[in-house]
Amino acid sequence: MDAPLIEIKDISFDYEETKALDNISMKVEKGDFLAILGPNGSGKSTLLKIMLGLIKPTKGSIKLFGMDSKNFKNREWIGYVSQKSNSFNSGFPATVEEVVAGGLAKKAGLFHRLPKTVDEDVNEALTAVGMEKFLKRSISELSGGQQQRVFIARALVSKPKMLILDEPTVGIDHQNVQAFYDMLASLNREKDITLVMVTHDVDTVTDRISHVACLNQTIHFHGFKEQFQTLSDEERASWYGHSVRKIHHAGGGH
Amino acid sequence: MIDAILTYEFLQNAFGAGLIIGVIAPLLGVFIVVRRLSLIADALSHVTLAGIAGSLYLSQSVAAFATLNPLFLGIAASVGGSVLIERLRSLYKHYEELAIPIILSAGIGFGAIFISLAQGFSNDLFGYLFGSVSAVSREDLWIVVAIAIVVMAFIVLFFKELFVLSFDDEYARASGLPAKWVHFMFMIVTALVIAGSMRIVGILLVSSLMTIPVAAAMRVSKSFKQTILLSIVFGEASVIVGLIAAFHFNLAPGGTIVVTSILLLLLVLLYKKIAVSVKRGAIA
């Protein structure tokens, strides 16, 4: 049996005096589509940053693809899509092609040029997110949803085994959010890419995911989405911090 | 003009150094502008002033410094300033911009003290502040050549890392690129270019040669590589026209180069405005 792609054991993290994460343990297996849910300030983004090695936990250990994260060198196996508004330099003078090709920088290695197959790789990644027609367009001319698709293509271009996404639908209008999650679900199903995603869109995303983790400083629930859907409003409110109600849509989702 | 350049060594030095700086300053300037670090270039140029003034003062009072090219202490101060800026930026994580006024005012403060202590180099000082066609020595030219080699090697070797880091630094770190080291080296190289450009453009105007050609290029370019190419074209045009004007009218080249680059920027803005109007007219 394959090792879990992420294995977190007893992780805690303190921001100066404040405890952001408390004794977290969880595993992400190959093929999972995991949504991490939680209120603002619950430590979701901190947990993702620890998974990505951007910050070190105060306590605990993390394994990536069965290896201690400190010794894990194959970072190109993990694609990262951040909250667009947080890190993207919005007026940057670059084409979609240049941005996506940047996703190959780590795979190519220091002092090496991008591979000769860069054009095909970029085209393939853009096709996977339905953005192949925008190759030569300036990234700053695109809408929020289109930009976010380009950033997923940048994460996909190095052919990762897992994508980590931090609230990827921030800045995308509601109409396009459904289509965006459909695209993620097809990457999970058809390209066998494991997905770990922080989101607030509980209702919209539930149909597409396989697992849910509920976080508020500590893990309150981690399991199959079917188990999550059986939780009562009171159980959810107990960890969410305020009332959370299941909203029933005509399509049967929650 | 060509005859004069072939005849006089000082003109060969000035045009040689100017043409090199016309490439490396806007080349590095593209990364400085897109990373929103333009003010850091200003802070480093003022620290360079402290190094130059310190060297000029020491050359009067310490025999060992009498023959030392002031550019060396200028380079040392600039590189030291870049390291200090990084240190301060990590110390004040939530107020990173504080590093700029601290280092900038420290540079001016030390510069003013050394200038007061040393008497009688007002002509030299004017050249360092606003550039000079006649003051570029053959040694200065070779220093600029050496700096250009370092800059070109750095950009060629780390282009893709610099691009990713400039576009999205969190992504660069998350994807395992050595973002911290590339940034640190970038700051050192920036300090070198500022110190090297100072002889031609002058301390007070050096950052403008790194930013104004880029500002013009960004208005009309369609890609990152095109932005780099156009920035260098605008930078070179400004240096050539500015140096010729400075020589003919006996003006400080820093002023003529920067005014030329401003005129180019205005032309580009005008062209862009007309192009947009024509496009809108065609659509309507």
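Not measured: the values here are computed from a predicted model.

Conventions and cut-offs
Think of each chain on its own: its residues are numbered from 1, step by step along the sequence as written. The lettering of chains begins at A and the numbering of ligands begins at 1, in the order of writing. Reporting of local features is limited, given that this is a predicted model, to residues whose pLDDT is at least 70; pairs of side-chain atoms are given and counted only at 80 or more, and all residues count toward the totals for whole chains, interfaces and linings. Going along the chain from the N terminus, every DSSP run of H or I of four or more residues is numbered as a helix, and every run of E of two or more is numbered as a strand. Each radius of gyration reported is based on C-alpha atoms, and the globular scaling rule is 2.2 Å times the count of residues to the power 0.38. Contact between two residues is assigned when their C-beta atoms, built from the backbone, lie within 7 Å. Three categories are distinguished: nonpolar for Ala, Val, Leu, Ile, Met, Phe, Trp, Tyr, Cys and Pro, charged for Asp, Glu, Lys and Arg, and polar for the others, with Gly belonging to the last. Three exposure classes are used, based on other C-beta atoms lying within 10 Å of a residue's own C-beta, which is placed from the backbone: buried for 20 or more, exposed for 12 or fewer, and partly exposed in between. Whether two strands pair depends on DSSP finding at least two bridges between them. For crossovers, right-handed means that the path from the first strand over the helix to the second runs clockwise, given strands pointing away from the viewer. Think of a nonpolar core as buried Ala, Val, Leu, Ile, Met, Phe, Trp, Tyr and Cys residues chained together by C-beta atoms that fall within 7 Å. Only the stretch in contact is used when a helix axis is fitted, and all axes are lines through C-alpha atoms; the angle between N-to-C directions ranges over 0 to 180 degrees. Throughout, the arc means that of the directions going from the helix axis to the C-beta atoms.

1. Looking at the overall build of chain A
- For chain A, the helix and strand inventory stands at 10 helices and 10 strands.
- The C-alpha radius of gyration of chain A comes to 18 Å, within 12% of the 18 Å expected for a compact globule of 254 residues.
- C-alpha atoms of chain A, sized along the principal axes, occupy 55 × 45 × 40 Å.
- Within chain A, residue pairs in contact and separated by at least 24 positions form 69% of the contacts whose partners lie at least 6 positions apart.

2. Side note on the interface of chain B and chain A
- Residue-level contacts link 22 residues of chain B with 22 residues of chain A.
- Elements with a contribution of two residues or more to the side of chain B that touches chain A: helix 7 (138–167), helix 8 (169–174) and helix 11 (224–249) of chain B.
- No other element matches the six residues that helix 7 of chain B contributes to the side of chain B that touches chain A.
- Partitioned by chemical class, the residues of the side of chain B that touches chain A number 10 nonpolar, five polar and seven charged.

3. Some thoughts on the pairing of strand 7 (residues 162–166) of chain A
Residues and elements named next belong to chain A.
- Here strand 7 lies mainly inside the structure; five of its five residues are buried.
- Side chains Met162, Ile164 and Asp166 project from strand 7 onto one buried face, and the interleaved Leu163 and Leu165 project onto a second face that is buried too.
- The sheet contact formed by strand 7 and strand 8 (residues 194–198) spans five bridges and is parallel. Residue pairing for strand 8: isoleucine 164 is matched across the bridge by valine 196.
- Each parallel crossover has a hand, and the one from strand 7 via helix 7 (residues 174–190) to strand 8 is right-handed.

4. Section: the nonpolar core
- Ranked by internal contacts, the top residues of the largest apolar core, which has 161 residues, are A:Leu34, A:Ile36, A:Val100, A:Ala153, A:Ile164 and B:Leu28.
- The dominant element in this core, judged by the number of residues it contributes, is helix 2 (residues 9–34) of chain B, at 14 residues.

5. Points about the sheet that holds strand 1 (residues 6–15) of chain A
Residues and elements named next belong to chain A.
- Strand order across the open sheet formed by four strands is 2-1-4-5, with antiparallel pairing between neighbours. A single partner strand is all that each edge strand has here, and the edge strands are strand 2 (18–28) and strand 5 (67–68).
- Relative to strand 5, strand 4 (residues 59–64) runs antiparallel, the two sharing two bridges. Within strand 5, the position partnered with leucine 64 by the bridge is methionine 67.

6. Concerning the sheet that holds strand 6 (residues 78–81) of chain A
Residue and element names in this part refer to chain A.
- With mixed pairing, six strands are arranged side by side in an open sheet as 6-7-8-3-9-10. Of all strands in the sheet, those bounded by a partner on one side alone are strand 6 and strand 10 (218–224). On average, adjacent strands in this sheet sit at an angle of 15° to one another, irrespective of strand direction.
- Sheet topology note: the strand 3 (residues 33–37)/strand 9 (residues 211–216) ladder contains four bridges and is parallel. Bridge assignment links alanine 35 to a residue of strand 9, and that residue is valine 212.
- Across the sheet, helix 6 (residues 144–156) touches strand 6 and strand 7, and the angle it forms with strand 6 is around 165°.

7. A few points about helix 5 (residues 118–128) of chain A
All names here are of chain A.
- Among all positions in helix 5, only Asp121, Val122, Ala125, Leu126 and Ala128 are buried. Viewed along the axis of helix 5, the buried residues span an arc of 155°, placing them on a single side of the element. Opposite the buried face of helix 5, by more than 90 degrees, sit the exposed residues Glu120 and Thr127.
- Residues of helix 5 that are buried sit in contact with helix 3 (96–101), helix 6 and helix 7.
- Looking one or two residues past helix 5, glycine 130 carries a phi angle of roughly 70°, positive in sign.

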